[in-house]
Amino acid sequence: MSLTCESCKKGKSISYEDFNIKVKSEEERVIALAGNPNVGKSTVFNALTGLNQHTGNWPGKTVSNARGSYQHKDKKFMLVDLPGTYSLLASSVEEQVARDFICFGKPHATIVVLDATCLERNLNLALQVVELTDRVVLCINLMDEARKKGISIDINALEKELGIPVVPTTARKKEGLKDLMDKVYNVALKIENFTPIKPIYSSHIEEKIEELVPRIRGIVKDKIDPRWVALRLIEGDKAIMDSIYQYMRDELILE
Ligand SMILES: Nc1nc2c(ncn2[C@@H]2O[C@H](COP(=O)(O)OP(=O)(O)OP(=O)(O)O)[C@@H](O)[C@H]2O)c(=O)[nH]1
Ligand SMILES: [Mg+2]
């Protein structure tokens, strides 16, 4: 991708279009599909999109991507299968692709697919996505395997604890997918509004965040969550500065 994105040249905000995701009409909603490796993302993707799929590469990267469309109720959706990642810390090209798409591509919703048999490890990525966007649906997949292992998951408690919709699925048997599409519909069309409960850090870190947020907000405005950028800066993440500059150069208010 060139340093100045196509949308910026046209005076528009950066969006999924700058990631080579083309929708047929403005009405079509773009949904990102994220998750750890091997949790059933492609199984969910295939079950929802069937034969309506295309593959390509992420702009400027050798990582391939798959997109597919499906219709639910009266609306069309474009599902984008992101590379499987354990985190969004952008230490690998796959993590960077997933993070940049969720952060700068501004999909209408992001589904995070989790493995019901090892929720604790998988929730790490889910919490990172929740820090980045309010429009998230958790899909707890492999429920059949969890049942076999005697693991039961309190879906309502998870929804309350995280403040986002949570759907149990067994994608291989196509169980739970209608419920997943209903929840994605509601989040993407803002029919139901959710306020995800974001992680709170130790008081020392929270103080630093408070100090940085107003300054970051002055630069990025409402284009990207200033708290999230503050966390990345505290972490010493240099790649995020490059990405912000690459994708938002013409939108930043620089003195
Ligand atoms: N038992 C069971 N197996 C499943 C389920 N969903 C997917 N699988 C199986 O899990 C394996 C991995 O599924 P994929 O859909 O390829 O997972 P993925 O997340 O796309 O994997 P990567 O793209 O490699 O990260 C496959 O053998 C699927 O058939 C499920 O709900 N139950
Ligand atoms: Mg896959």
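The present account deals with the structure reproduced in this document. (Residues numbered from 1 in each chain as written. Chains lettered and ligands numbered in written order. Predicted model: local features only at pLDDT ≥ 70, side-chain atom pairs only at ≥ 80, totals over all residues. Heavy atoms only, no water.)

Considering the site of ligand 1
- The immediate surroundings of ligand 1 are formed by 14 residues, with Asn38, Lys41, Ser42, Thr43 and Asp144 found nearest.
- Valine 39 has a polar backbone atom sitting 3.1 Å from an oxygen atom of ligand 1.
- Look at ligand 1: alone it shows 660 Å² of surface, and the protein chains cover 72% of it.
- At the level of secondary structure, the elements contributing two or more residues to the shell around ligand 1 comprise helix 2 (41-49) and helix 5 (143-148).
- In terms of residue count, the dominant contributor to the shell around ligand 1 is helix 2 (3 residues). (Near = heavy atom within 4 Å. Polar contact = N/O pair within 3.5 Å; in protein donor to acceptor, adjacent residues only side chain to side chain. Areas by Shrake-Rupley, 256 points an atom, 1.4 Å probe, with all protein chains shown as cover. Helix = DSSP H or I, 4+ residues; strand = E, 2+ residues; numbered from the N terminus.)

Considering the nonpolar core
- Leu82, Phe101, Phe104, Leu138, Ile140 and Ile224 are the most contacted members of the largest nonpolar core, which totals 52 residues.
- Setting aside residues no more than four positions away along its own chain, leucine 82 makes contact with Ala32, Leu33, Ala34, Lys41, Trp58, Ala98, Phe101 and Ile102.
- Among the nonpolar cores identified, the runner-up in size contains 24 residues, and Val39, Ile111, Leu177 and Leu180 belong to it. (Core = buried A, V, L, I, M, F, W, Y, C linked by side-chain atoms within 4.5 Å. Buried < 20%, exposed > 50% of the residue type's maximum accessible area, 1.4 Å probe, protein only. Contact = heavy atoms within 4.5 Å.)

Let's talk about the pattern of salt bridges
- For the coordinates displayed, the defined rule picks out 11 salt bridges.
- A salt bridge links lysine 198 to aspartate 134; its shortest N-O distance comes to 3.0 Å. Within this pair, whereas lysine 198 is found in the loop between helix 7 (177-188) and helix 8 (203-220), its partner aspartate 134 is found in the loop between helix 4 (119-132) and strand 6 (136-141), the two being separated by 64 residues in sequence.
- We classify aspartate 134 as partly exposed; its relative accessible area is 39%.
- Because the salt bridges share partners, they merge into one network encompassing Glu27, Asp74 and Lys75. (Salt bridge = Lys/Arg side-chain N within 4 Å of Asp/Glu carboxyl O.)

Notes on the sheet that holds strand 1 (residues 29-35)
- Sheet architecture is open: 7 strands sit in the order 2-3-4-1-5-6-7, paired in mixed fashion. Edge positions in the sheet fall to strand 2 (53-57) and strand 7 (166-168), since each of these pairs with one other strand and no more. Averaged over all pairs of adjacent strands, the angle between strand axes in this sheet comes to 25°, irrespective of strand direction.
- In this structure, strand 1 lies alongside strand 5 (residues 109-115), joined through 5 bridges in parallel fashion. (Pairing = 2+ DSSP bridges. Axes fitted to C-alpha atoms, helices over the stretch in contact; angles between N-to-C directions.)

Digging into unusual backbone geometry
- Of note, the phi angle at lysine 106 is positive, near 45°, even though the residue is not glycine.
- One can find lysine 106 in the loop between helix 3 (93-104) and strand 5.
- With a phi angle near 55°, lysine 190 is a residue other than glycine that sits in the positive phi range.
- Note on placement: lysine 190 falls in the loop between helix 7 and helix 8.

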